[in-house]
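The primary structure of each chain is shown beneath.
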Amino acid sequence: MDSPNNEPKGIGGWLVLPALGLIITPFRMGFQLFNDVLPALTPETWNGLTKPESPTYHPLWGTLIGFEVIANMALFVFTLWLTWLFFTKSKRVPKLFIAWLLSLAAVQTIDYLLVAQISAAAAPSDKEGIKELARAIINAAIWIPYFIKSKRVKNTFTEPIS
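First, a word on what this report is: a plain description of the structure on this page. Within every chain, residues take consecutive numbers counted from 1 along the sequence as written. Local features are withheld for residues below a pLDDT of 70 in this predicted model, meaning they are given only at 70 or higher, and side-chain atom pairs are given and counted only at 80 or more; totals for whole chains, interfaces and linings count all residues. As a rule here, side-chain values cover all heavy atoms of the structure and leave hydrogens and water aside.

Right, let's talk about the packing of helix α1 (residues 16–37) against helix α5 (residues 127–149) for a bit. A pair of packed helices can be characterised by two numbers: the angle between their axes and the separation between those axes. Lines fitted to the C-alpha atoms define the axes, with helices restricted to the stretch that makes contact. Angles between their N-to-C directions range from 0 to 180 degrees. Working definition: helices are DSSP H or I runs of at least four residues, strands are E runs of at least two. Numbering for both runs from the N terminus. Look at α1 against α5: their axes get within 13 Å of each other, and the N-to-C directions meet at 155°. Classified by the interaxial angle, the pair formed by α1 and α5 is roughly antiparallel. Considering the relative orientation of α1 and α5, their crossing is left-handed. Packed against α1, whose contacting residues are L17, P18, R28 and Q32, the element α5 presents E132, R135, W143 and F147 at the interface. For the contact of α1 with α5, the residue count by class is four nonpolar, one polar and three charged. In these notes the angle categories are as follows: under 35 degrees is roughly parallel, over 145 is roughly antiparallel, 65 to 115 is roughly perpendicular, and the rest is oblique. A crossing counts as left-handed when the near helix is turned anticlockwise from the far one by less than a right angle, and as right-handed when that turn is clockwise. By definition in these notes, contact holds between two residues if any of their heavy atoms fall within 4.5 Å. Gly falls in the polar group here, along with every residue not listed as nonpolar (Ala, Val, Leu, Ile, Met, Phe, Trp, Tyr, Cys, Pro) or charged (Asp, Glu, Lys, Arg).

All right, on to the nonpolar core then. Throughout this description, the term nonpolar core refers to a set of buried Ala, Val, Leu, Ile, Met, Phe, Trp, Tyr and Cys residues connected via side-chain atoms within 4.5 Å. Each residue is placed in one exposure class: buried if its accessible area under a 1.4 Å probe, protein chains only, is under 20% of its type's maximum, exposed if it is over 50%, and partly exposed if it falls in between. Grouped together as the largest cluster of nonpolar side chains are 25 residues, with contacts concentrated most on F86, F97, W100 and F147. Within the residue set of this core, elements represented by two or more residues are α1, α3 (61–87), α4 (93–117) and α5. F147 has contacts with L15, P18, F86, V93, P94, F97, I98, V153 and F157, leaving out every residue within four places of it along the chain. Core analysis: the second largest hydrophobic core is formed by eight residues, A40, L49, W61 and L64 among them.

Another aspect to go through is the packing of aromatic side chains. Only rings of Phe, Tyr and Trp enter the pairing, Trp through its six-membered ring, and a pair is recorded when the two centres are within 6.5 Å. The plane angle decides the type: under 30 degrees is stacked, over 60 is edge-to-face, the rest tilted. According to the stated counting rule, one finds eight aromatic pairs in the structure shown. Judged by centre distance (5.3 Å) and plane angle (50°), the rings of F97 and W100 are tilted. With a gap of three residues between them, F97 and W100 both fall in helix α4, about one helical turn apart. Take F97 and W100: they sit in the same class, and that class is buried. For the ring pair Y146 and F147, a centre distance of 5.8 Å and an interplane angle of 75° mean the geometry is edge-to-face. Exposure class is identical for Y146 and F147. Each is buried.

For the rest of this paragraph, the subject is unusual backbone geometry. The phi angle at K89 is positive, at roughly 60°, despite the residue not being glycine. Mapped onto the elements, K89 comes out in the loop between α3 and α4. For K89, a relative accessible area of 30% puts it in the partly exposed group.

Only one rule defines a salt bridge in this text: a Lys or Arg side-chain nitrogen within 4 Å of an Asp or Glu carboxyl oxygen. Overall, the coordinates contain four salt bridges when judged by the stated rule. For R28, the salt bridge is made with E132, and the minimal N-O distance between the two is 3.0 Å. With R28 in helix α1 and E132 in helix α5, this residue pair connects regions lying 104 residues apart in the sequence. Judged by its relative accessible area of 33%, R28 is partly exposed. Residue classification places E132 among the buried positions, given a relative accessible area of 11%. Several salt bridges converge on common partners, so that one network encompasses R28, E132 and R135.

Structure representation (structure tokens):
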């Protein structure tokens, strides 16, 4: 849909891709939380990773797991809220979408750095971590300029802040 001055408006064009990303992200986060993080919280695994007498112990395992739980839960809630604001076309969306992208990149960076500090025996290859970090940085590099410069973004997110 075009605005009265014939400029693009509405969730269309390239703006469909961030919309799809917002819809898919909570499912990806939930899947990763249940498959990767929650199993580490079982007493057997937690004790194996965080007790100094354990052969798989590293002092940063507790920090890493705690960070992942808290950060992922916060990002999950932020993503749901941002998705609602996005589809209600709130004026808040451009700034919050940029903050969301930066938050995703920051969490991935911190996560990667924590994993890198854990010995090679405990985490021999973090190819998945590198892939997630690259994805977050590339997404931010593409979508932050888009949300700053796009006429469609300026014309779409106009609803009063509620």
